[in-house]
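# Summary of the model geometry
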Amino acid sequence: MKRNWLLINSMLKKMNRNYHIDKLNATKEFDICIIGGGATGLGIAVDAASRGCKTILLEKYDFAKGTSSRSTKLVHGGVRYLQQGNIKLVMEALKERGLLKKNAPHLVKNQSFVIPNYKWWENSFYGVGLKVYDWMAGSLGLGPSQLLNKEETLALAPNLDEDGLRGGVLYHDGQFDDARLAIHLAMTASDHGAVVINYMSAEGLMKENEKVCGVIAKDSFDDKEYEIKAKAVINATGIFSDSIAKMDDKDAEPLISHSQGIHLVFDKEFLLSDTAIMIPRTDDGRVLFAVPWHNKIIIGTTDTPVSFGDNVETRHALSLQRMHEPIAFKEEIDFVMAHIHRYLKKDPSYNDIRSVFAGLRPLVKSNSKITSAISRDHHISVSDSELISITGGKWTTYRKMAEDVMEIAIHKAGMSEKECVTKNLHIHGYKENSDYTAALYYYGTDKYEIQDLIKKDTSLAELIHPSLPYIKAEIIWALQNEMCMTVEDALSRRTRALLLDAKAAIESTSLVANMMAKEMGKNESWIKEQIDSFISVAKNYLPTSNPKLQTSN
Ligand SMILES: Cc1cc2nc3c(=O)[nH]c(=O)nc-3n(C[C@H](O)[C@H](O)[C@H](O)COP(=O)(O)OP(=O)(O)OC[C@H]3O[C@@H](n4cnc5c(N)ncnc54)[C@H](O)[C@@H]3O)c2cc1C
């Protein structure tokens, strides 16, 4: 009896896809069905399940395959929004930054930033602004900002261009691994009883008396269709929101336009310290970050409007593919390179780029007739047939977005009041006093189970590639516990190999595909298909010497 209980308990802890599909089959009706497994959808799944709602989340590809694995990796209030005077948004984000740091200390670390100043007025201007930032964060602040002279600035950021440098301002924000947090949110939701399934696409909506009462979903692996009944259905598909809205109302007006942001990844020698650099004003009036991340630096981002055509039904297959795997434009790479060259002593060349990744922001069109806007940052709308849609916001505010949308969903679904508990809810793997320099720290307490795998088979301690920081045990762990289904899942989102070094990731494909096939009982043709499929995605992350990089016009 005790053995059975232990078995069930350990299954619950793990995120096994077959187990979740069995739970789907065994459930007549869910309270909440969420479409989309990015930051927004996963946050809602955590909120709903931890309130005690019967919850299911459907993700068409992999968790965080969309925008949520392509961010600048900052948990921040947004110094840029402060410059724009958007006080409410900054206050909300700073509060959420503090809550996330408290609830996921294994995943969010304190990151110091230097704003280098080359003009006489900049030190006092940014100094005052960042004191306001500190004050707004209140007791959830990560450390006081500080004015620096030239020597202090260079001590923190030794590769800054010294010519004309007057000083700088030091401030603090949070930093994280976006896809890793997404997986831990999926696991948190699963730990609280939610069904979460990747590679399960919402294909249509079910209706009763003209009200949405469920989702028709299709499993990408066996094409099996499911009719999933739910009291409330939430569309959390980010840049794909319009296509779900069309399933509800074929005449629905498109609300989303898209803007692309890219990042370049370099070796850490171009930063030479653990302090990030924030360039406060680019030529297009944005900010640019150079941030240390997994022993590399990521530099970005851009803001390039992209159009995939307003008619979601007639969108060309290529456009759809580009929405799922956006590709950096040559002008964007040139823009980031030109700006970083203005600020660094030792400049990286195009050949130094280890990886280029792009993401799309869903922007709600300003002339849209959206029914309600909870804040200026995220937008929640409820259609006549009660499909609830949420879009916008940032990774940092996913928890508050989930709380806001769940208040509406509970009311619309006629459920009894259930209190939101996520302000104090630990994220899966919670571990205090994490040492962010230790191997495998980002797994939190799951690290001990990965070490157990290595004790049983010491070959699992081997690296998957000499230029990548990942070991074989991480692949096995991801297969057994993190719903890792494809080579791309393993190399792009369970590990971040593709973002850290695209060439090395491509070189590890065969090893990882073979390991996965052995563990999953797959044959040679699966291995070949996985290798081909991953390489066709990964080549778009290779540096600019790639002649296939296109211009935006
Ligand atoms: C360049 C860039 C940098 C950013 N940097 C930061 C940052 O540093 N900090 C920060 O706080 N925020 C940042 N953001 C914002 C943040 O990344 C986004 O707000 C967040 O990731 C959006 O998450 P989402 O879940 O709404 O969308 P997504 O992550 O795109 O998730 C939507 C999901 O829906 C799925 N889907 C689509 N159709 C279907 C269907 N039919 N059935 C099932 N599933 C479906 C998709 O596959 C996708 O996984 C950045 C954004 C960009 C673009």
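Residues numbered from 1 in each chain as written. Predicted model: local features only at pLDDT ≥ 70, side-chain atom pairs only at ≥ 80, totals over all residues. Heavy atoms only, no water.

Before going further, it helps to examine the overall build of the protein. Each helix and strand in the protein was counted, giving 19 helices and 18 strands. In terms of C-alpha radius of gyration, the protein reaches 23 Å, essentially the compact-globule figure of 24 Å for 553 residues. Expressed as lengths along the three principal axes of its C-alpha atoms, the size of the protein is roughly 70 × 55 × 50 Å. Going through the 553 residues of the protein one by one, you find that 60% of them count as buried. Long-range contacts, defined as pairs at least 24 residues apart, comprise 72% of the intrachain contacts of the protein with a sequence gap of at least 6. For the protein, the computed accessible surface area is about 22,800 Å², with 52% contributed by carbon and sulfur atoms. (Helix = DSSP H or I, 4+ residues; strand = E, 2+ residues; numbered from the N terminus. Rg over C-alpha atoms; globule rule 2.2 N^0.38 Å. Buried < 20%, exposed > 50% of the residue type's maximum accessible area, 1.4 Å probe, protein only. Contact = heavy atoms within 4.5 Å. Areas by Shrake-Rupley, 256 points an atom, 1.4 Å probe, with all protein chains shown as cover.)

Our next topic: the site of the ligand. Close contacts around the ligand come from 37 residues, with T40, E59, S68, L74 and T396 the closest. A distance of 3.0 Å separates a nitrogen atom of the ligand from a polar atom in the backbone of A202. Considered on its own, the ligand offers 1,000 Å² of accessible surface; in the complex 95% of this is hidden by protein. Only α3 (39-50), β8 (200-208), β11 (256-267) and β16 (355-364) provide two or more residues apiece to the shell around the ligand. Residue composition of the shell around the ligand, grouped by class: 12 nonpolar, 19 polar and 6 charged. (Near = heavy atom within 4 Å. Polar contact = N/O pair within 3.5 Å; in protein donor to acceptor, adjacent residues only side chain to side chain. Nonpolar A, V, L, I, M, F, W, Y, C, P; charged D, E, K, R; others polar.)

For the coordinates displayed, the defined rule picks out 36 salt bridges. The partner of D31 in a salt bridge is K231, with the nearest N and O atoms 2.8 Å apart. Taken as a pair, D31 in strand β1 (residues 30-35) and K231 in strand β10 (residues 225-235) lie far apart in primary sequence, 200 residues in all. Residue class for K231 comes out partly exposed when judged on its relative accessible area of 38%. Note that K528 and D532 form a salt bridge whose closest N and O atoms lie 2.7 Å from each other. Separated by 4 residues within a single helix, K528 and D532 lie in helix α19 (residues 524-538), roughly one turn from each other. With relative accessibility at 52%, the residue K528 sits in the exposed group. Ionic contacts of the salt-bridge type, sharing partners, join the residues D62, K65, R70, E325, E488, D489, R493 and R494 into one network. (Salt bridge = Lys/Arg side-chain N within 4 Å of Asp/Glu carboxyl O.)

Attention now goes to a negative patch on the surface. A contiguous patch of negative charge on the surface is contributed by E203, D222, D223, E225 and E227. As for its position among the elements, D222 is in the loop between β9 (211-219) and β10. In this structure D222 comes out as partly exposed when scored by relative accessible area, which is 47%. (Patch = residues over 30% accessible without salt bridge, like charges linked within 9 Å, V, L, I, M, F, W, Y side chains within 5 Å. Lys, Arg positive; Asp, Glu negative; His and termini not counted. Charge placed at Lys NZ, Arg CZ, Asp CG, Glu CD.)

So, on to the packing of aromatic side chains. Going through the model one piece at a time under the given rule, you end up with 14 aromatic pairs. With a centroid separation of 5.4 Å and 75° between ring planes, the pair formed by F176 and W395 is classed as edge-to-face. Pair noted here: F176 is in the loop between β6 (167-175) and α8 (178-191) and W395 is in the loop between β18 (388-392) and α12 (398-412), with a separation of 219 residues, a long-range link. Owing to a relative accessible area of 3%, F176 belongs among the buried residues under this scheme. Ring-pair connections join several aromatic residues into one group, and the members of that group are F113, Y133, Y171 and F289. When the ring centre of W293 is taken as reference, the NZ or CZ atom of K73 above it lies at 5.0 Å. (Phe/Tyr/Trp six-rings, centres within 6.5 Å; stacked < 30°, edge-to-face > 60°. Lys NZ or Arg CZ within 6 Å of the ring centre and 35° of its normal.)

Our focus in this paragraph is the packing of α3 against α12. Closest axis-to-axis distance for the α3/α12 pair is 8 Å, and the angle between their directions is 60°. With respect to their mutual orientation, α3 and α12 come out oblique. The handedness of the crossing between α3 and α12 comes out as right-handed. Of α12, the residues touching α3 (which contributes A39, T40, G43, I44, D47 and A48) are Y398, M401, A402, E403, V405 and M406. Each residue belonging to the contact of α3 with α12 can be placed in one class, and the counts come to 8 nonpolar, 2 polar and 2 charged. (Axes fitted to C-alpha atoms, helices over the stretch in contact; angles between N-to-C directions. Parallel < 35°, antiparallel > 145°, perpendicular 65-115°, else oblique. Left-handed = near helix turned anticlockwise from the far one by under 90°.)

Turning our attention to the pairing of strand β13 (residues 288-293). Counted residue by residue, β13 has 6 buried out of 6 residues, so it is predominantly covered. Here β13 shows two buried faces, one formed by L288, A290 and P292 and the other by F289, V291 and W293. Pairing of strand β12 (residues 276-279) with β13 involves 3 bridges; the strand directions are antiparallel. What sits directly across from I277, in β13, is A290. Direction of pairing for β13 relative to strand β14 (residues 296-300): antiparallel, over a ladder of 5 bridges. Looking across to β14, one finds that V291 is bridged to I298. The turn joining β13 and β14, which pair antiparallel and follow one another in sequence, is formed by 2 residues; a positive phi near 45° is taken by H294. (Pairing = 2+ DSSP bridges.)

Below, the discussion takes up a nonpolar patch on the surface. Residues W120, W121 and F125 make up a contiguous nonpolar surface patch of roughly 400 Å² in combined accessible area. Mapped onto the secondary structure, F125 falls in helix α6 (residues 122-137). Classification of F125 by relative accessible area gives partly exposed; the value is 49%.

Taking 1.5 Å of rise per residue, 16 residues should cover 22 Å, and α6 covers 22 Å from first to last C-alpha, within 8% of that figure. Every buried residue of α6 is accounted for by E122, N123, Y126, G127, L130, Y133, D134, M136 and A137. For α6, the elements touching its buried residues are α4 (79-83), α5 (87-103), β4 (109-117), β5 (146-149) and β6. Phi for G138, located one or two positions after α6, is positive at around 55°. (Expected span 1.5 Å × (residues − 1).)

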